[in-house]
Amino acid sequence: MGENAQRSTRGSLLEKEIGTRRQRAANWFQSLRDEVRAHCEFLEDLHETGPLADRAPGRFEVRATVRQGTGDPGGGIMSIMRDGRVFEKVGVNVSTVHGRLDSRMLTSLTARRDIPGLKQDPRFWASGISLVAHMNSPRVPAVHMNTRMFWTPVATWFGGGIDLNPVLENPDDTNRFHRALQEICERHDPDYYAQFRDWADRYFWIPHRQEARGAGGIFFDDLDSGDGDADFAFVQSVGRAFGEVWLPIAEQRRFEAWTEAEREIQLIARGRYAEFNLLYDRGTRFGLESGHDVDAVLMSMPPVARWR
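Read on for an overview of the structure.

Rules and cut-offs
- Residues numbered from 1 in each chain as written.
- Predicted model: local features only at pLDDT ≥ 70, side-chain atom pairs only at ≥ 80, totals over all residues.
- Heavy atoms only, no water.
- Salt bridge = Lys/Arg side-chain N within 4 Å of Asp/Glu carboxyl O.
- Helix = DSSP H or I, 4+ residues; strand = E, 2+ residues; numbered from the N terminus.
- Phe/Tyr/Trp six-rings, centres within 6.5 Å; stacked < 30°, edge-to-face > 60°.
- Buried < 20%, exposed > 50% of the residue type's maximum accessible area, 1.4 Å probe, protein only.
- Lys NZ or Arg CZ within 6 Å of the ring centre and 35° of its normal.
- Pairing = 2+ DSSP bridges.
- Axes fitted to C-alpha atoms, helices over the stretch in contact; angles between N-to-C directions.
- Contact = heavy atoms within 4.5 Å.

Per the counting criterion, the structure on display carries 24 salt bridges. Of the charged contacts in the structure, one is a salt bridge between Asp-221 and Arg-148, with a shortest N-O distance of 3.4 Å. Pair noted here: Asp-221 is in strand β9 (residues 216–223) and Arg-148 is in strand β5 (residues 142–152), with a separation of 73 residues, a long-range link. The closest approach of N and O atoms between Asp-163 and Arg-213, which form a salt bridge, is 2.8 Å.

Here you go:
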């Protein structure tokens with residue numbers, strides 16, 4: 001076999017391996033979506049006594065996403081539940097998109113990473129899941145979780161995290177949440193928790209308010225340790241944290257009554273949440289710049305918020 005033929009064969013095998021890895025990740029994000037939706041609907045069914053238990057249990061409405069202004073398939077599925085017993089609004093989106101990075105997206109990526117060759121070959125592929133839950137009760141903390149894989153011809157990396165957004169912070173819940181995340185991180189790397197907790201504290205900061213968005217959690221981006229299987233295993237653990245870490249807190253707090261004054265505090269806190277997502281969140285900016293479905297990108301917005 002000639003040298004050119006050998007190169008072609010190696011290239012074909014590498015392309016096949018990359019395709020397999022990408023499909024495996026996309027399949028995982030879809031399976032996690034199904035798991036998360038089942039958790040949420042189970043909690044709705046379970047809530048037969050307590051505030052708003054007289055409502056029908058909430059169920060997800062599902063639709064495919066479309067690209068901005070085209071009506072073409074957007075590579076994703078939106079799942080949103082509204083006005084349930086426990087959840088006022090919860091969205092779980094999965095998407096798998098590909099194309100070519102435009103100048104704005106290239107500038108954004110190269111500002112974070114030195115990726116040689118990306119301008120010469122700006123193809124990309126991305127897949128991930130995003131969850132945002134806004135609760136009826138101010139006593140049940142809102143939660144955000146996302147995990148994703150991003151590929152270009154010259155680099156592949158993972159990102160994501162999970163963070164707690166209580167309206168009325170309960171130190172026991174916050175400590176419980178962080179202890180569980182620390183255990184999850186330490187299964188993979190003893191340095192991950194401290195590193196990614198600090199990253200979350202810096203990332204979920206609202207500069208114009210000089211305050212944090214929520215009680216923190218973990219956040220990471222551009223994760224490429226050189227061991228793709230280990231990185232993906234960590235991403236899977238972070239995805240499962242919704243059911244393992246947040247759900248028990250919600251199950252405990254859902255029975256507690258709340259006051260109108262606490263509801264007012266909740267609505268103000270949601271305004272802060274909206275400000276951060278619209279002004280600073282990378283995922284929101286990337287989704288809008290890449291032409292993704294606007295409603296899917298803005299799924300994270302709270303159903304009702306208030307500003308003083």
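Bringing the packing of aromatic side chains into the picture now. How two aromatic rings sit relative to each other is given by the distance of their centres and the angle of their planes. Overall, the coordinates contain 18 aromatic pairs when judged by the stated rule. Geometrically, the ring pair formed by Phe-196 and Trp-199 is tilted, given 6.3 Å between the ring centres and 50 degrees between the ring planes. Residue Phe-196 and its partner Trp-199 are located together in helix α4 (residues 192–203), separated by 3 residues, close to a single helical turn. Trp-199 shares its class with Phe-196; the two are buried. Within the aromatic cluster, the residues linked to one another by ring pairs are Tyr-192, Phe-196, Trp-199, Tyr-203, Phe-204, Phe-219, Phe-220, Phe-234, Phe-276 and Tyr-280. The ring of Trp-151 is capped by Arg-22, whose NZ or CZ atom sits 4.6 Å from the centre of that ring. When the ring centre of Tyr-273 is taken as reference, the NZ or CZ atom of Arg-213 above it lies at 4.1 Å.

Bringing the sheet that holds strand β3 (residues 87–100) into the picture now. With antiparallel pairing, the 7 strands of this open sheet are ordered in space as β1-β2-β3-β4-β5-β6-β9. The open sheet terminates on both sides in strands that have one partner only, identified here as β1 (61–66) and β9. Neighbour-to-neighbour, the strand axes of the sheet open up by a mean angle of 10 degrees, direction not taken into account. Where helix α3 (residues 171–186) meets the sheet, its contacts fall on β6 (155–165) and β9, and the angle it forms with β9 comes to roughly 30 degrees. The sheet contacts of helix α6 (residues 260–279) involve β3, β4 (123–135), β5 and β6, and relative to β4 the element is tilted by about 165 degrees.

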